[in-house]
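# Observations on the three-dimensional arrangement
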Amino acid sequence: MNYAERLLQKFEKRDAVIGVVGLGYVGLPLAVEKAKAGFHVIGFDIQQSRVDQVNNGINYIGDVVDEDLHEMVKQGRLMATTDYARIAEVDAVAIAVPTPLDEHHQPDTSYVENSANEVAKYAHEGMLVVLESTTYPGTTEEIVKPALEKKGLVVGETVFVAYSPERVDPGNKQFKTKNTPKVVGGVTKTCTKVAAAMYRAVLEGDVHEVSSPAVAEMEKIFENTFRHINIALANEMAILCERMGIDVWEVIEAAKTKPYGFMAFYPGPGLGGHCIPIDPFYLTWKAREYNYHTRLIELAGEINNAMPEYVVNRAMLILNEEGKAMRGSKVAVLGVAYKKDIDDVRESPVLKIVELLEQYGAEFSVVDPYVPSFRACNRVIETVELTPELLEQSDLVLITTDHSNIDYEMVARHSRVVFDTRNAMKGVSKPAKYVKL
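Residues numbered from 1 in each chain as written. Predicted model: local features only at pLDDT ≥ 70, side-chain atom pairs only at ≥ 80, totals over all residues. Heavy atoms only, no water.

## Some remarks on the pairing of strand β14 (residues 417–420)
- The two faces of β14 match: Val417 and Phe419 on one face and Val418 and Asp420 on the other face are all buried.
- Between the parallel elements strand β13 (residues 396–399) and β14, the chain passes through helix α15 (residues 408–414) in a crossover that is right-handed.
- Where β14 and strand β15 (residues 433–436) come together, four bridges link them in parallel fashion. From the neighbouring strand, Val417 faces β15, where its bridge partner is Lys433. (Buried < 20%, exposed > 50% of the residue type's maximum accessible area, 1.4 Å probe, protein only. Helix = DSSP H or I, 4+ residues; strand = E, 2+ residues; numbered from the N terminus. Right-handed = clockwise from strand over helix to strand, strands pointing away. Pairing = 2+ DSSP bridges.)

## Brief notes about the UniProt feature "domain: UDP-glucose/GDP-mannose dehydrogenase C-terminal" (unreviewed entry) in the protein
- As annotated by UniProt and renumbered to match this structure, "domain: UDP-glucose/GDP-mannose dehydrogenase C-terminal" (unreviewed entry) occupies residues 332–427.
- Helix makes up 25% of residues 332–427 and strand makes up 25%, while its end C-alpha atoms are separated by 21 Å. (UniProt positions renumbered as here; feature names shortened; annotations may be inferred.)

## A word on the pattern of salt bridges
- Tallied over the entire structure, the rule returns 26 salt bridges.
- Of the charged contacts, one joins Lys121 and Glu118 as a salt bridge, the two residues approaching to 3.1 Å between their closest N and O atoms. Taken together, the residues Lys121 and Glu118, both in helix α5 (residues 110–122) and three residues apart, mark about one turn of the helix.
- Across the pair Glu209 and Arg200 runs a salt bridge whose closest N-O atoms are separated by 3.0 Å.
- For Glu209, a relative accessible area of 39% gives the class partly exposed.
- Because the salt bridges share partners, they merge into one network encompassing Glu33, Lys36 and Asp68. (Salt bridge = Lys/Arg side-chain N within 4 Å of Asp/Glu carboxyl O.)

## Some points on the sheet that holds strand β9 (residues 330–334)
- Spatial ordering of the open sheet is given by β10-β9-β13-β14-β15, a layout of five strands whose pairing is parallel. Each edge of the open sheet is held by one strand with a lone partner, namely β10 (363–367) and β15. The average undirected angle you get between the axes of adjacent strands in this sheet is 20°.
- Direction of pairing for β9 relative to β10: parallel, over a ladder of five bridges. Counterpart to Val333 in the pairing with β10 is Val366. (Axes fitted to C-alpha atoms, helices over the stretch in contact; angles between N-to-C directions.)

Printed below as a string of structure tokens:
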């Protein structure tokens, strides 16, 4: 029996030990699902605090059910460590570490490189290594594969390497890690077969096999670029509609009635999260290697990145109509998370908005029932409770995240001026002055 057949048998019998490198928004849900499927899972992270929380059954990721984590730890199916030497104990390992941009908007693959080198240091024959981090096409074969080959392992024969992009949508009530279809592309056909078998043993969603890691890497970038560009179109339409005196939200609702050829995307104060604001720039960077300029992607980035400043400028004009300057005005900002009903502030456009408010001299307070504090303006900012007094004392209420648990009727009753960038008050009564993006 060769190494591939042994792994396939282990995945079928659920007696493989699986490692997950990186216990964040992607890694922890994946580790829990693998444990629930019957595997023994070791999570690896460089943050001791995360490791301690996991080992104590304490959840810190919204998409993980508290009871699931606690039960898997209690049963001994899931544990975490900072000791990467324990990679030697696993049959398969998934790498799910951050892939941010540097200060020049170029890919920072240092987390992937460091993780690949750590895995390679303790890798052994008969192991599967899968990269899940969103990255540019070519990363798996340019970084992960060579790291393992330096140890003398033969990819496709003694070790198996694949790419399978994460598809985590924080706060999505319908699609979670368990039931979201998975794309898998291996360096060889055998690599693809082995990796696909592991995911089929864990997930309920379809596992779609592609011909190479590069196809799977490009597929993930394409998914997020698709959203990036369409949101930019919605934002540009919002700017134009405002100048023409047309309600862009009504326009989109009307367009949605077409049963084919249209998919609704909505404007907002800018893009947030780890994927959409970042991933397209991985592709624009890689495209330069092939002497190609991704004009549409970069233009979409310009539009979306300009939205926080557009929102603040609109807020300034709204205050001006009330006979007030931005400097010295009290602004209540409702929401700092980058999307509704989650606690994630990564790349949130609201971070830029509050920095601009401070720069222009506004006195702002931030309300977010999911986020007790966040870092902006070179300091930690504590959020406050939404109260009638806060609303009544504010010269402007700026809705930046449409959380479901914010009392918009209270906002309507006690606010003088509301600028709603999310159409959050659709269907509820409106204050005396109500302006939408």
